[in-house]
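Single-letter residue listing:
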Amino acid sequence: MEKSEGGRKMDAMQAILTRKSVRSYTGQKVTDQQVQQIIEAGMRAPSGLANEPWRFAIVRDPQVKGNIAQLTKHTKVLEGADVLICLFMDNEVGYDLVKDSNTIGACAENMLLAAHAMGLGAVWIAEIRKNKDRVAEECGVDPERYDMMVVIPVGYSAESADPTPRKRTLDEVIIGRK
Ligand SMILES: Cc1cc2nc3c(=O)[nH]c(=O)nc-3n(C[C@H](O)[C@H](O)[C@H](O)COP(=O)(O)O)c2cc1C
């Protein structure tokens, strides 16, 4: 996998084809500028009615990170990441649950691709939604207004770069050709 070096970013197709979920990290620091770039990539996602319902909380504090890590079965993944980006949907601007959820998904994928293109590893953690209100409280935001959709731990990958194989072939997933 080609990592971005010297300001050179991998192209979009290469990033899409080589991205993988990364759940263990080296401990190397992720800069505030890198976090900002990942969030800016999320904000470039399409949104229904252009409502841009995404909101973000950045968690670096070891105490808060540790508390959030206890709210999922993926405790070690969250503890091992240098930073957590918690992705919320703002209920005050949402208009359709399915469409707003799709929008948040597009935002999350943009963030994963950006992290990968920048030479970082990240993963979409949704299992923690069982405790979404407690995650919101740890982040200091109102759980009534902000629906916690995804936690994205980010760090430098300590894993193999091999993309995760897909279970189905192209022919199996193309169900119509007219
Ligand atoms: C909606 C959604 C929820 C997910 N939730 C979790 C999760 O809670 N924990 C986790 O380790 N991975 C989670 N993932 C990541 C998937 O496990 C992963 O994308 C899938 O296994 C394919 O692997 P890849 O991302 O490396 O291609 C989630 C992905 C999506 C899209």
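Residues numbered from 1 in each chain as written. Predicted model: local features only at pLDDT ≥ 70, side-chain atom pairs only at ≥ 80, totals over all residues. Heavy atoms only, no water.

1. Overview of the overall build of the protein chain
Just so we agree on the cut-off: Under the scheme used here, helices are H or I runs from DSSP no shorter than 4 residues and strands are E runs no shorter than 2 residues, and both carry numbers assigned from the N terminus. The size measure is the radius of gyration over C-alpha atoms, and the globule rule it meets is 2.2 Å times the number of residues to the 0.38 power. Here the term buried applies to any residue with accessible area under 20% of the maximum for its type, exposed to any over 50%, and partly exposed to those in between, with areas from a 1.4 Å probe on protein chains only. Should any heavy atoms of two residues lie within 4.5 Å, those residues are counted as being in contact. Using a 1.4 Å probe, the Shrake-Rupley method yields the accessible areas, and only the shown protein chains count as cover for residues. Under the convention used here, Asp and Glu are negative, Lys and Arg are positive, and both His and the chain ends fall outside the count. For this purpose, a charge sits on NZ of Lys, CZ of Arg, CG of Asp or CD of Glu.
Counting its regular elements, the protein chain contains seven helices and four strands. Counting from the amino terminus, helix and strand elements in the protein chain follow one another as α-α-β-α-α-β-α-β-α-β-α. Whereas a compact globule of 178 residues would reach a radius of gyration of roughly 16 Å, the protein chain reaches 17 Å, a difference of no more than 12%. Across its three principal axes, the protein chain shows a C-alpha extent of roughly 45 × 45 × 30 Å. Among the 178 residues that make up the protein chain, the fraction classed as buried is 44%. Pairs at least 24 residues apart make up 78% of the contacts formed inside the protein chain by residues separated by at least 6 positions. Counting only carbon and sulfur atoms, one obtains 50% of the accessible surface of the protein chain, whose full area is about 10100 Å². Here the protein chain contributes 24 positively and 25 negatively charged side chains, and the mean placements of these two sets differ by 6 Å.

2. A closer look at the layout of surface pockets
Our working rule: Only protein atoms enter the calculation, which uses a 1 Å grid: trapped sets of points that fit a 1.4 Å probe without letting it out are cavities, open sets showing protein on both sides within 12 Å along at least five of seven lines are pockets, and any residue with an atom within 4 Å of a point is a lining residue. Grid points are joined across faces, edges and corners, and a volume is the space filled by probe spheres set on the points. Any residue outside Ala, Val, Leu, Ile, Met, Phe, Trp, Tyr, Cys, Pro, Asp, Glu, Lys and Arg is labelled polar, Gly included; the first ten of those are nonpolar and the last four are charged.
Looking at the largest pocket, its volume works out to about 210 Å³. Along its surface, the largest pocket is lined by Ile16, Leu17, Arg19, Lys20, Ser21, Arg23, Glu109, Pro163, Thr164 and Arg166. Residue classes in the lining of the largest pocket are distributed as three nonpolar, two polar and five charged.

3. Considering the UniProt feature "domain: Nitroreductase" (unreviewed entry) in the protein chain
Rules: UniProt positions are given in the numbering used here, feature names are shortened, and annotations may be inferred rather than shown by experiment.
UniProt's feature table lists "domain: Nitroreductase" (unreviewed entry) at residues 16–71 and 76–156, given in the numbering used throughout. Secondary structure within residues 16–71 divides into 41% helix and 11% strand; the distance between the first and last C-alpha atoms comes to 30 Å. Counted over residues 76–156, helix gives 42% and strand 25%. Its end C-alpha atoms are 15 Å apart.

4. Considering the environment of isoleucine 125
Within the secondary structure, isoleucine 125 is located in the loop between strand S3 (121–122) and helix H6 (132–139). Sequence separation between isoleucine 125 and glycine 66 is 59 residues, and the spatial gap between their C-alpha atoms is 15 Å. Residues contacting isoleucine 125, with those up to four places away along its chain left out, are Thr72, His74, Leu78, Val150, Val151 and Pro153.

5. Remarks on H6
Put simply, the test is: This arc is built from the directions going out from the helix axis to the C-beta atoms.
Taken together, the buried positions of H6 are Val135, Ala136 and Cys139. In a view along the axis of H6, the buried residues occupy a sector of 100 degrees, so they form one face of it. Where H6 is buried, its residues contact strand S1 (54–59), helix H3 (62–69), strand S2 (83–90) and strand S4 (146–155). A positive backbone phi angle near 80 degrees is found at glycine 140, which sits one or two residues after H6.

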